[in-house]
Amino acid sequence: QVQLVESGGALVQPGGSLRLSCTASRSSFSTYTMGWYRQAPGKQRELVADITSGGWINYGDSVKGRFTISRDNAKNTVYLQMNSLKPEDTAVYYCNAERGDGNHYWGQGTQVTVSS
């Protein structure tokens, strides 16, 4: 079992920035693919970005050039730096950990609201 704790969600104005953090409970964190997903009201959950254990990164089309995912294996933490935020980025953001056996684990979610 992997427990994930997210933080950093907030209300921010359009054009602003936020950094989300997700800390995992397991020391084998470095072997996981870590990802950020989001879900807006009435919409399906979508991939924002993920990063493999080897550092390969993938971004959703809507966030390319604005968001940056990174990981610190010494701290069991993955980050999502979000810049140039837009109202359409408003959603609950979820951290995801994928183990090598294919099992996925989810955090509880953190709310990001972009509004003036």
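Residues numbered from 1 in each chain as written. Predicted model: local features only at pLDDT ≥ 70, side-chain atom pairs only at ≥ 80, totals over all residues. Heavy atoms only, no water.

Colleague: What should I look at first to understand the state of the cysteines in this one?
Modeller: Where two cysteines share a covalent bond between their sulfur atoms, that bond is called a disulfide. Inspection of every chain in the model, using the stated rule, returns one disulfide. Each sulfur in the disulfide pair Cys 22 and Cys 95 lies 2.1 Å from the other. Disulfide Cys 22-Cys 95: torsion about the S-S bond near -80°, hence left-handed. Of this pair, Cys 22 sits in strand β3 (residues 18–24) while Cys 95 is found in strand β9 (residues 91–98), placing the two residues 73 residues apart along the sequence. Grouping residues by exposure puts Cys 22 and Cys 95 together as buried. (Disulfide = S-S within 2.5 Å. Helix = DSSP H or I, 4+ residues; strand = E, 2+ residues; numbered from the N terminus. Buried < 20%, exposed > 50% of the residue type's maximum accessible area, 1.4 Å probe, protein only.)

Colleague: What should I look at first to understand the environment of Gly 8 in this one?
Modeller: Mapped onto the elements of the fold, Gly 8 is located in the loop between β1 (4–7) and β2 (11–12). Here Gly 8 falls in the partly exposed class, since its relative accessible area comes to 31%. In sequence terms Gly 8 and Ser 21 are 13 residues apart; their C-alpha atoms lie 6.2 Å from each other. Each residue touching Gly 8, except ones within four places of it in the same chain, is listed here: Leu 18, Arg 19, Leu 20 and Thr 110. (Contact = heavy atoms within 4.5 Å.)

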